[in-house]
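Structural characterization, general
Residues per chain are reported as follows:
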Amino acid sequence: NAGVTQTPKFRVLKTGQSMTLLCAQDMNHEYMYWYRQDPGMGLRLIHYSVGEGTTAKGEVPDGYNVSRLKKQNFLLGLESAAPSQTSVYFCASSPLGGRHSYEQYFGPGTRLTVT
Amino acid sequence: EDQVTQSPEALRLQEGESSSLNCSYTVSGLRGLFWYRQDPGKGPEFLFTLYSAGEEKEKERLKATLTKKESFLHITAPKPEDSATYLCAVQGQGGSEKLVFGKGMKLTVNP
């Protein structure tokens, strides 16, 4: 199993450009999450999904959109990138139900720089 | 609002020098407390879940314990390969699937 994978690993955008980050998991997990990690701030939840076709806002959702059209994929979109969105983005997934419910497993991250 | 505070922010140890990392939390009904390890340039790696006060879990040189207000990650006779940032997170009973993370604690173990 590959676990959680993220595409791309690195990206540089200019202010105002758009892009989509792709997250894929092969563990059949119901829940998926997008976080950003900034120095001194810790991990902050952007959006999450509790199942295919569902999404919900997290702590810092402004400027981002998400979609979960397939259970194994969770996409994060930036419609008009801003320098404040320079960060490392992590995707995570977790199972529903059972003893290991809510244990989140993370991808390797995408380092995004907006100039 | 659920909150997690980790201390110290950074810790330097000599190889073999045991110590503990602290995670204090406030949550409206604890569903679970989670410990992660994060190496530079990588995603967090799951270590432990603790569910109730008094629970303990071990993995190699790491032992996690839980009380009603805090959790400790004890590191016994650490090695340089234990150097990493350790993250603590909590999930409350508030009907949300979200984890609230602390800012992390950077551990450096010198040979």
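Scroll up for the structure.
Summary of the structure given here. On a predicted model such as this, the values are computed, not experimentally measured, just so you know.

Here is what the cut-offs are and how they apply
Residue positions are counted from 1 within each chain, in the order its sequence is given. Both sets of labels track the order of writing: A upward for chains, 1 upward for ligands. Local features in this predicted model are restricted to residues whose pLDDT is 70 or higher, and side-chain atom pairs enter the listing and the counts only when it is 80 or higher, whereas totals over whole chains, interfaces and linings include all residues. Calculation of side-chain values draws on the structure's entire complement of heavy atoms; hydrogens and water are dropped beforehand. The cut-offs for exposure are 20% and 50% of the maximum accessible area for each residue type, with area from a 1.4 Å probe on protein chains only; residues under the lower value are buried, those over the upper are exposed, and the others partly exposed. Helix numbers and strand numbers start at the N terminus; a helix is a DSSP run of H or I with at least 4 residues, a strand a run of E with at least 2. Two strands form a pair only when DSSP identifies at least two bridges running between them. Between two residues, a contact is recorded if the distance between any of their heavy atoms is within 4.5 Å. Buried area, as used here, totals the accessible surface that two parts lose on assembly, with accessibility defined by a 1.4 Å probe and the loss added over both. Here, a salt bridge means any side-chain nitrogen of Lys or Arg that lies within 4 Å of a carboxyl oxygen of Asp or Glu. Polar contact is defined as a pair of N or O atoms within 3.5 Å, subject to the rule that within protein one atom must be able to donate a hydrogen and the other to accept it, and that residues adjacent in sequence are counted only when both atoms are side-chain atoms. Definitions used throughout: a 1 Å grid over protein atoms alone; a cavity as a set of points that fits a 1.4 Å probe which cannot get out; a pocket as an open set with protein on both sides within 12 Å along at least five of seven lines; a lining residue as one with an atom within 4 Å of a point. Grid points are joined across faces, edges and corners, and a volume is the space filled by probe spheres set on the points. Classification used: nonpolar for Ala, Val, Leu, Ile, Met, Phe, Trp, Tyr, Cys and Pro, charged for Asp, Glu, Lys and Arg, polar for all others including Gly. Only buried Ala, Val, Leu, Ile, Met, Phe, Trp, Tyr and Cys residues count toward a nonpolar core, and they belong to the same one when joined by side-chain atoms within 4.5 Å. Pairing of aromatic rings covers Phe, Tyr and the six-membered ring of Trp, with a centre-to-centre limit of 6.5 Å; geometry is then stacked below 30 degrees between planes, edge-to-face above 60, and tilted otherwise.

**Digging into the pairing of strand β11 (residues 110-114) of chain A**
Residue and element names in this part refer to chain A. Here β11 shows a clear split, with Thr110, Leu112 and Val114 buried on one side and none of Arg111 and Thr113 buried on the other. The pairing of strand β2 (residues 10-13) with β11 spans four bridges and is classified as parallel. Bridge pairing in β11 links Leu13 to Val114. Pairing geometry for strand β9 (residues 87-94) and β11, over three bridges, is antiparallel. Bridging across to β11, Val88 finds its partner in Arg111.

**Examining the interface of chain A and chain B**
Each partner contributes to the interface: chain A provides 21 residues, whereas chain B provides 21 residues. Between chain A and chain B, a total of about 1,700 Å² is buried, with carbon and sulfur atoms accounting for 56% of that surface. Here chain A and chain B share zero salt bridges between them. The tally of links between chain A and chain B comes to three residue pairs in polar contact (both at pLDDT 80 or more). Within the residue set of the side of chain A that touches chain B, elements represented by two or more residues are β4 (31-38), β5 (42-49) and β10 (105-106) of chain A.

**Side note on the layout of surface pockets**
The space that makes up the second largest pocket amounts to roughly 210 Å³. Those elements that provide at least two residues to the lining of the second largest pocket are β10 of chain A together with β5 (45-50) of chain B. For the lining of the second largest pocket, the residue count by class is five nonpolar, two polar and four charged.

**Observations concerning the side chain of Gln38 of chain B**
Within the fold, Gln38 of chain B resides in strand β4 (residues 30-38). Of the polar contacts made by the side chain of Gln38 of chain B, one reaches the backbone oxygen of Lys42 of chain B; its length is 2.8 Å. Contact partners of Gln38 of chain B, with chain neighbours within four places excluded, come to Gln37 and Phe90 of chain A together with Gly43, Pro44, Ala84, Thr85 and Leu87 of chain B.

**Comments concerning the pairing of strand β6 (residues 56-59) of chain B**
Residue and element names in this part refer to chain B. Across four bridges, β6 lies against strand β7 (residues 62-66) in antiparallel orientation. Across the sheet, the residue bridging to Lys59 is Leu62, located in β7. In textbook terms, the turn of a hairpin is the stretch between consecutive antiparallel strands, and for β6 and β7 this stretch comprises two residues, one of which, Glu60, has a positive phi near 55 degrees.

**Quick notes on the pattern of salt bridges**
Taken as a whole, this structure holds seven salt bridges over all chains when the rule is applied. Residues Arg36 of chain A and Asp38 of chain A are paired through a salt bridge, measuring 2.9 Å at the closest nitrogen-oxygen approach. Accessibility expressed as a relative area gives 8% for Arg36 of chain A, which makes it buried. The partner of Arg61 of chain B in a salt bridge is Asp82 of chain B, and the shortest N-O contact between them spans 2.8 Å. A residue pair is termed long-range when its members are at least 10 positions apart, and Arg61 of chain B in the loop between β6 and β7 and Asp82 of chain B in the loop between β8 (70-75) and β9 (84-92) qualify at 21 residues. Residue class for Asp82 of chain B comes out buried when judged on its relative accessible area of 5%. Taken together, the shared-partner salt bridges in this structure form one network comprising Arg36, Asp38 and Arg44 of chain A.

**Regarding the nonpolar core**
Counting 24 residues, the largest nonpolar core has Leu21, Leu33, Trp35, Leu73, Tyr86 and Leu107 of chain B as its most contacted members. Counting residues per element, the ones that place at least two in this core are β2 (10-14), β3 (19-26), β4, β5, β7, β8, β9 and β11 (105-110) of chain B. When residues of this core are assigned to their parent elements, the largest contribution, four residues, is made by β9 of chain B. Once residues lying within four places of it in the same chain are set aside, the contact partners of Leu33 of chain B are Cys23, Tyr25, Phe48, Thr49, Leu50, Leu66, Ser71, Cys88, Ala89 and Val90 of chain B. Within the second largest apolar cluster, 19 residues are counted, among which are Met19, Leu21, Met32 and Tyr89 of chain A.

**Focus: the packing of aromatic side chains**
In the structure shown here, the tally under the stated rule is ten aromatic pairs over all chains. With centroids separated by 5.6 Å and ring planes inclined at 90 degrees, the aromatic side chains of Tyr35 of chain A and Phe101 of chain B adopt a geometry described as edge-to-face. With Tyr35 of chain A in strand β4 and Phe101 of chain B in strand β10 (residues 100-101), this residue pair bridges two chains. The buried category is assigned to Tyr35 of chain A, whose relative accessible area is 0%. Between Tyr36 of chain B and Phe101 of chain B the ring centres are 5.8 Å apart and the planes differ by 45 degrees, which places this aromatic pair in the tilted class. Placement of Tyr36 of chain B in strand β4 and of Phe101 of chain B in strand β10 is noted, with a sequence separation of 65 residues between them. Judged by relative accessible area, which is 0%, Tyr36 of chain B ranks as buried. A residue is classified by how much of its surface remains accessible, and Phe101 of chain B, at 9% relative accessible area, is buried. What links up through ring pairs into an aromatic cluster is the set Tyr33, Tyr35, Tyr48, Tyr105 and Phe106 of chain A together with Tyr36, Phe46 and Phe101 of chain B.

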